[in-house]
Amino acid sequence: MAENVVLDAVDLRILRLLQNDARTTYRDLAVQVGVAPSTCLDRVSRLRRSGVILGHQLRLDPAKLGRGLEALLSVQVRPHRRELVAPFVERVRALPESRSVFHLTGPDDYLVHVAVSDAADLQRLVLDEFTSRREVARVETRLIFQQWECGPLLPPRSEAAEPGEARSES
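The structure contained in this document is the topic of the report that follows. Everything numeric in this text was worked out from a predicted model, so none of it was measured.

**Digging into the packing of helix α2 (residues 26-33) against helix α3 (residues 37-49)**
Inference 1: Across the interface, α2 lies against α3 with an axial gap of 8 Å and an inter-helix angle of 100 degrees. The orientation of α2 with respect to α3, classified from their angle, is roughly perpendicular. Residues Tyr26, Arg27, Leu29 and Ala30 of α2 form the contact with α3, whose own contacting residues are Pro37, Cys40, Leu41, Val44 and Arg48.
Inference 2: By residue class, the composition of the contact of α2 with α3 is seven nonpolar, no polar and two charged.

Structural data, given as structure tokens:
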């Protein structure tokens, strides 16, 4: 299991701000957090080295790229064995329509988020790239009508609330 990294209130503010805008300069970040730019740079570097910050991503609008229909594919692989899992995941990740792949517990083995141009393209993807594979026993498709981003990912609340924030007493 991954080891938790100890984060203080300044680290948490840095993470919150960078998740809202990863292009924020160290100078602006330092001003918003209330530390020197060199301290801010050191902290962000430490967060990268420790694996808390994994990278920066550019988000694109699938509809503006001709992929206006998004869906979740629940996939059951049989038999569910390691020698079939790795090649299946590798193949799904290589598909240009794939946005993300989740390995699950329960009746379905995978949840695949895809973006396609239209219903015919989704049908082609399901038939040609999923159900045509020997190891795929079942695919269930759910269309995504709308999607919302959620707030920044931060560690669970601990005894130390950030300055100016109320501690939750449960």
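**Here's the deal with the nonpolar core**
Inference 1: Grouped together as the largest cluster of nonpolar side chains are 19 residues, with contacts concentrated most on Leu73, Val75, Phe88, Val112, Leu122 and Phe130.
Inference 2: For this core, the secondary structure elements donating two or more residues are β1 (69-77), α4 (82-94), β3 (110-116), α5 (119-131) and β4 (136-144).
Inference 3: Per element, the largest residue contribution to this core is five residues, and it comes from β1.
Inference 4: Beyond its immediate stretch of four places on either side in the chain, Phe130 contacts Leu73, Val75, Phe88, Val92, Leu95, Val112, Leu125, Val136 and Val139.
Inference 5: Among the nonpolar cores identified, the runner-up in size contains eleven residues, and Leu18, Leu29, Val33 and Leu47 belong to it.

Definitions and cut-offs
- Residues numbered from 1 in each chain as written.
- Predicted model: local features only at pLDDT ≥ 70, side-chain atom pairs only at ≥ 80, totals over all residues.
- Heavy atoms only, no water.
- Axes fitted to C-alpha atoms, helices over the stretch in contact; angles between N-to-C directions.
- Helix = DSSP H or I, 4+ residues; strand = E, 2+ residues; numbered from the N terminus.
- Parallel < 35°, antiparallel > 145°, perpendicular 65-115°, else oblique.
- Contact = heavy atoms within 4.5 Å.
- Nonpolar A, V, L, I, M, F, W, Y, C, P; charged D, E, K, R; others polar.
- Core = buried A, V, L, I, M, F, W, Y, C linked by side-chain atoms within 4.5 Å.
- Buried < 20%, exposed > 50% of the residue type's maximum accessible area, 1.4 Å probe, protein only.

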